[in-house]
Amino acid sequence: MDVIHLLPDSVANQIAAGEVIQRPASCLKELVENSLDAGAKRVQVIVRDAGRTLLQVIDDGCGMSEMDARLAFERHATSKIREAQDLFSLRTMGFRGEALASICAVAQVEMTTRRAQDETGTLIEIHGSDVVRQEVCSCPVGTNIKVSNLFFNVPVRRKFLKTDQTELRNLLTEFYHIVLVYPKISFTFVHNDEILLELPAGTEKQRIEAVFGNPKKNSYTSAFVEVHTETEMVGIRGFVIKPENATRKSEQYFFVNGRYMRHPYFQKAVLTAYSGMLPNDYQPSFFIYFDIDPEAIDVNIHPTKTEIKFADEQTIFQILMAAVRESLGKFTLSPTIDFDTTNSIDIPVLHDQPVMKPDIQIDPTYNPFHKRGVVYPDKAPKGWESLYEGAGIQKTDRFPDRVQTDFVETLPDTESCPMWQYGGRYILMPSEQGLVMINQHRAHVAVLYMQFLEQLAHAQGAMQQLLFPEVLNVTQDELVIVQQLHDDLRAIGFDVEQLSPDSFSIQAVPSQLANQSAIPVLQHILLQVRERGANTQVEWREQIAQTLAESAAIPYGKNLTEAEMRDIATRLFALPQYRRTPDGKIILSVLSDDEISKRF
Ligand code: ADP
Ligand code: MG
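Residues numbered from 1 in each chain as written. Chains lettered and ligands numbered in written order. Predicted model: local features only at pLDDT ≥ 70, side-chain atom pairs only at ≥ 80, totals over all residues. Heavy atoms only, no water.

**Side note on the overall build of the chain**
When helices and strands are counted, the chain shows 15 helices and 22 strands. Put simply, 70% of the contacts in the chain that link residues at least 6 apart link residues at least 24 apart. When the accessible area of the chain is evaluated, it comes to approximately 29,100 Å², of which 51% is carbon and sulfur surface. (Helix = DSSP H or I, 4+ residues; strand = E, 2+ residues; numbered from the N terminus. Contact = heavy atoms within 4.5 Å. Areas by Shrake-Rupley, 256 points an atom, 1.4 Å probe, with all protein chains shown as cover.)

**Looking at the pairing of strand E13 (residues 286–291)**
Within E13, five of the six residues are buried, which leaves the element mostly enclosed by the surrounding structure. Bridging between strand E10 (residues 235–241) and E13 involves six bridges; their strand directions are antiparallel. Its bridge partner lying in E13, Gly235 is registered against Asp291. Where strand E11 (residues 252–256) meets E13, five bridges bridge the pair, whose relative direction is parallel. The residue of E13 that forms the bridge with Tyr253 is Phe287. (Buried < 20%, exposed > 50% of the residue type's maximum accessible area, 1.4 Å probe, protein only. Pairing = 2+ DSSP bridges.)

**So, the nonpolar core**
One finds Phe73, Leu180, Phe187, Phe189, Ile288, Phe290 and Leu320 to be the most contacted residues of the largest nonpolar core, which totals 95 residues. Among the domains, domain 1 (9–199) and domain 2 (204–330) are the pair contributing at least three residues each to this core. Setting aside its immediate chain neighbours within four residues, Phe189 contacts Leu28, Val45, Val47, Leu168, Leu171, Leu172, Phe175, Glu194, Ile195, Leu196 and Leu197. Counting residues in hydrophobic clusters, the runner-up holds 57 residues, among them Val509, Leu513, Leu575 and Leu588. (Core = buried A, V, L, I, M, F, W, Y, C linked by side-chain atoms within 4.5 Å. Domains from an automatic or database assignment.)

**Looking at the packing of helix H10 (residues 440–458) against helix H13 (residues 537–552)**
Packing of H10 against H13 leaves a shortest axis separation of 8 Å and a crossing angle of 140°. Looking at the two axes, H10 sits oblique to H13. Crossing of H10 against H13: the hand is right-handed. Residues His441, His444, Val445, Leu448, Tyr449, Phe452, Leu453, Leu456 and Ala457 of H10 lie in contact with H13, whose contacting residues are Arg541, Glu542, Ile544, Ala545, Gln546, Leu548, Ala549, Glu550 and Ala552. Grouping the amino acids of the contact of H10 with H13 by side-chain chemistry returns 12 nonpolar, three polar and three charged. (Axes fitted to C-alpha atoms, helices over the stretch in contact; angles between N-to-C directions. Parallel < 35°, antiparallel > 145°, perpendicular 65-115°, else oblique. Left-handed = near helix turned anticlockwise from the far one by under 90°. Nonpolar A, V, L, I, M, F, W, Y, C, P; charged D, E, K, R; others polar.)

**Points about the packing of aromatic side chains**
Applying the stated rule across the entire model yields 22 aromatic pairs. Plain terms: the ring middles of Phe255 and Tyr260 are 6.1 Å apart, the flat faces sit at 70° to each other, and that makes the pair edge-to-face. When sorted by exposure, Phe255 lands in the same class as Tyr260, which is buried. Ring geometry for Tyr265 versus Phe266: centroids 6.1 Å apart, planes at 35°, classification tilted. Every member of this aromatic cluster is reached through a ring pair, and the members are Tyr176, Phe212, Tyr220, Phe224, Tyr253, Phe255, Tyr260, Phe287 and Tyr289. Lying over the aromatic face of Tyr556, Arg425 brings its terminal NZ or CZ to 4.0 Å of the ring centre. The positively charged end of Arg579 is found above the aromatic ring belonging to Tyr578, 5.9 Å away from the centroid. (Phe/Tyr/Trp six-rings, centres within 6.5 Å; stacked < 30°, edge-to-face > 60°. Lys NZ or Arg CZ within 6 Å of the ring centre and 35° of its normal.)

Note that every value here comes from positions in space, so none of it alone points to a role or purpose.
Quick look at the structure:
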């Protein structure tokens, strides 16, 4: 007898719903994004019991025809793309045609909708994917969608929801991410009959004020300075907090082309711009908006993912850092200093804090068509590089004659050029631009990081069996993380088995860890995953790769043979990002011939 059969749509939708709709907040996000995609000018959100019993979104957008109202709830029904190619020039927030199908699979949905050209609207009611009612109705232009009793038929999901307080916070967080990029749309948010937010249409600054300000206190946004820079590659604008107004608590937001994103690497750029200006445990608040050709960023294929990769993150890192520094500098020094004419390293000091000269470093030879190895090894689709072709990324000549200190125009021939080790820390070699100095540990970290990411993607990490298994004791929440990471840990070479409710035995370790104890490495991975809130596989893989790379990389003080130096340099220069470690540290520096001859 044959045993394979196709799942009924209602079941398939319920399974898919698990991915798209994890909690009320993800449902809200999808609904509000649909309203924005529909061109709404005003969006009202009405919530009961943190979304458990009711999530309603009312918009004045384009509405739907009778036919479309029914089709909208089918899986892969979308008006936003027609073919795969469209994915690469998306301007709408949705495109997968999955949200409504997923939502109606796990809730009771009632929708009324009308287009401006229609006299009557459509009412449709769907319970767990079954259409229970569809009729003509009278309603205003736009769409009014009511999602009741979310997860009524998925008890596990319902149980998984946190307290109302937490779910409401999640709803608001999701809501902030959207309203902060749509200042020209007016929004209201009502929870249990109480108006929590009333946001009139206005500017970005007014929107930030309306969301975070307290009308009884000083203006919130006056604590900020503006950031603005325009290059051919990217436009960056927004607000960063004046150092003296920073506290331990911060609001940190990046947006790209109207979409919220998390970007730890760019966050690092902002933090670097503040370095020396804030007490240790203080965090700067910022709202930074990037404008970039959509073809120069990696399309966000996963609906719940907030990470976005850029074509040249290192250059944008520099541009961002310089822009923020410049704003802080402008603000800290009065009158303003003309950065382009001061060349001295004697930086004026005010508020006892050094103000750093912006050091934008632009690749004068940046070539978007040049293909340099794998960039996103964990998920690079075939022919990925072609996405950037014609993207119009060009070098900018805003700072044409800035000294390049971490850029090697013509990479030295690592097979044959002379190489020396210096101080047990650096590998030195000549190049056409001058003397290249490579930090041996960081170079190796960068090399291993990419290698580990690749091994994770292909589950091909080499294992080394331990003669004497080690025991890792864990707390309750670490236990959950280890279980979550189990497959990835295995992919990279850790053989970890649960021994008891609070311990694991480690039978094998990645061969690169050689003679080190695996315990601190695993503990560090757990800590990172928990603290950095890494909650997607991509994020935790990055954490695993980073921790392992740092543990396995050759340490400072280790004497290297010539063959080892050549090997590291060759592999370093084969990386897409050979100038910075994954967490943004400088790997190499060039002492130019000029600088050298000046000394004599
Ligand atoms: P997607 O947004 O990915 O296309 P959805 O399942 O969220 O998929 O929505 C399916 C389709 O239903 C959309 O493409 C759009 O045509 C229509 N739709 C959904 N919500 C609205 C709305 N608020 N106003 C007008 N049309 C909508
Ligand atoms: Mg949608």
